[in-house]
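Report on the structure
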Amino acid sequence: MRWLNDVAVLSGLFVLRLGIPLAIMILISWGLGRLDRRWQAEAEAQRLLAALPTATGAADAKDGVARRPCWLFRDCAEERRGACAAGKEQSLPCWMVRLRVEGRLPATCPGCALFRATNPTQSAVA
């Protein structure tokens, strides 16, 4: 029975020596990955924010989709429209208003047809 106790002690020491530092390194790399993605999103938002003055005329370049208000396009309820920044500033596309107010582009915007129709950098890529 003594050998079973020795194996348990050696296993515990192995976990202490290798397992815990490995778990800490995995947590650190995961956190740094999240931080990197956040910084990249902020840099992209800053780049888009810097391009806003030239992007306002892009809404007239596309037909139909760009001229529809965001709340009609997304079928938003009246109470949600009142709380939304895009509903208050109707001269700009909704994604531009949210970028200005929130400082970042919402994750749902790149997949939206309204975003693709009014974003000059997106239409150049597509």
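Cut-offs applied
Residues numbered from 1 in each chain as written. Predicted model: local features only at pLDDT ≥ 70, side-chain atom pairs only at ≥ 80, totals over all residues. Heavy atoms only, no water. Patch = residues over 30% accessible without salt bridge, like charges linked within 9 Å, V, L, I, M, F, W, Y side chains within 5 Å. Areas by Shrake-Rupley, 256 points an atom, 1.4 Å probe, with all protein chains shown as cover. Salt bridge = Lys/Arg side-chain N within 4 Å of Asp/Glu carboxyl O. Helix = DSSP H or I, 4+ residues; strand = E, 2+ residues; numbered from the N terminus. Buried < 20%, exposed > 50% of the residue type's maximum accessible area, 1.4 Å probe, protein only. Contact = heavy atoms within 4.5 Å. Core = buried A, V, L, I, M, F, W, Y, C linked by side-chain atoms within 4.5 Å. pLDDT = per-residue confidence, 0-100. Disulfide = S-S within 2.5 Å.

A look at a nonpolar patch on the surface
A cluster of nonpolar side chains, Val-9, Leu-10, Leu-13, Phe-14, Val-15, Leu-16, Leu-18, Ile-20, Ile-24, Met-25, Ile-28 and Leu-32, forms an exposed patch at the surface whose accessible area comes to about 1,200 Å². Position of Val-15 among the secondary structure elements: in helix α1 (residues 2–50). On the basis of relative accessibility, which here comes to 45%, the residue Val-15 falls in the partly exposed class.

Topic: the environment of Gly-103
Within the fold, Gly-103 resides in the loop between α6 (94–102) and α7 (113–118). Look at Gly-103 and you get partly exposed, because its relative accessible area is 34%. Leave out the neighbours within four places in its chain, and Gly-103 touches Ala-45 and Arg-98.

Quick notes on α6
Turning to α6, its buried residues number three or more, namely Cys-94, Trp-95, Met-96, Val-97 and Leu-99. Of the residues trailing α6, Gly-103 is marked for its positive phi of about 80°.

Remarks on the nonpolar core
Ranked by size, the top nonpolar core spans 15 residues in total, and within it Cys-94, Trp-95, Leu-99, Leu-105, Cys-109, Leu-114 and Phe-115 carry the most contacts. A total of 5 residues in this core trace back to one element, the largest contributor, which is α6.

A word on the environment of Met-96
The residue Met-96 is located in helix α6 in this model. For the pair Met-96 and Thr-118, spaced 22 residues apart in sequence, the C-alpha separation works out to 9.3 Å.

Examining the confidence of the model for the chain
With 78% of its residues at a pLDDT of at least 70, the chain reaches an overall mean of 76. The lowest-confidence element of the chain is helix α2 (residues 52–55), averaging 48 in pLDDT; the highest-confidence one is α1, averaging 88. Low confidence marks residues 54–65, where pLDDT is under 50. Its contacts with residues over four positions away, or in another chain, come to 19 contacts.

Some thoughts on the state of the cysteines
Per the counting criterion, the structure on display carries 0 disulfides. Here Cys-109 is not cross-linked by a disulfide; its sulfur's nearest cysteine counterpart is in Cys-94, at 6.1 Å. Residue classification places Cys-109 among the buried residues on the basis of a relative accessible area of 9%.

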